[in-house]
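Architecture at a glance
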Amino acid sequence: MAMTSSRPYMIRALYEWIVDNNCTPYILVDAQAQGVEVPQQHVNKDGQIVLNISPGAVMSLSLDNQAISFNARFGGIPTDIYVPSRAVLGIYARENGQGMVFEPELEPEPTPPEPSPKKPKPVAKPEPAGRPSLRVVK
């Protein structure tokens, strides 16, 4: 039986643990992964970005099974951030580096469209045998 990814559960647990210990939770994100919405001017040369997701740094933080989303300021500009869980490479405490690094997850396979029921092709009516004729249509 295929199970869902444990990554979002681990992210939530480590986030809570880091905050409970009065530390600052940071996430390391693969900014080039499909679906990631982060300010590209802050992405490093390796295509990664580190985001502070502490309660004092973000608004409307959501850590659900599909993604991490929140609003934060970058250079004073409010920005909506969206990071699919599979794009999170790690979560750690800024103060001591304790946390977890995750193995890369493959991009999800696009779901192939379900084949539509085949409609029978209309049967062409046989043309009467005989001499072909042309008409001028105005």
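Residues numbered from 1 in each chain as written. Predicted model: local features only at pLDDT ≥ 70, side-chain atom pairs only at ≥ 80, totals over all residues. Heavy atoms only, no water.

The name given to the chain in an unreviewed UniProt entry is Stringent starvation protein B, with the source organism recorded as Simiduia aestuariiviva.

Here we take up the sheet that holds strand β1 (residues 25-30). Here we have four strands laid out as an open sheet, ordered β2-β1-β6-β7, and antiparallel in their pairing. A single partner strand is all that each edge strand has here, and the edge strands are β2 (48-52) and β7 (99-101). Across this sheet, the average inter-strand angle for adjacent strands is 20°, counted without regard to direction. Summarising the sheet, β1 and β2 pair through five bridges and their orientation is antiparallel. Within the sheet, the bridge partner assigned to isoleucine 27 lies in β2 and is leucine 51. (Pairing = 2+ DSSP bridges. Helix = DSSP H or I, 4+ residues; strand = E, 2+ residues; numbered from the N terminus. Axes fitted to C-alpha atoms, helices over the stretch in contact; angles between N-to-C directions.)

By the definition in use, this model includes one aromatic pair. Between tyrosine 26 and tyrosine 92, the aromatic rings sit 5.9 Å apart at their centres with planes inclined by 70°, giving edge-to-face as the arrangement. Note that tyrosine 26 is positioned in strand β1 and tyrosine 92 in strand β6 (residues 88-93), a separation of 66 residues in sequence. Lying across the ring of tyrosine 9, arginine 12 places its NZ or CZ 4.8 Å from the centre. (Phe/Tyr/Trp six-rings, centres within 6.5 Å; stacked < 30°, edge-to-face > 60°. Lys NZ or Arg CZ within 6 Å of the ring centre and 35° of its normal.)

Turning next to helix α1 (residues 7-20). The end-to-end C-alpha distance of α1 is 20 Å, a good match for the 20 Å that 14 residues give at a rise of 1.5 Å each. When we look at burial in α1, the residues that qualify are Arg7, Pro8, Ile11, Leu14, Tyr15 and Ile18. For α1, the buried positions fall inside an angular range of 130° around the axis, keeping them on one side. With respect to the buried face of α1, the exposed residues turned more than 90 degrees away are Glu16 and Asp20. Contacts made by the buried residues of α1 are with β1, β3 (59-63), β4 (67-74), β6 and β7. In the stretch just after α1, asparagine 22 is the one whose phi turns positive, near 55°. (Expected span 1.5 Å × (residues − 1). Buried < 20%, exposed > 50% of the residue type's maximum accessible area, 1.4 Å probe, protein only. Arc of directions from axis to C-beta. Contact = heavy atoms within 4.5 Å.)

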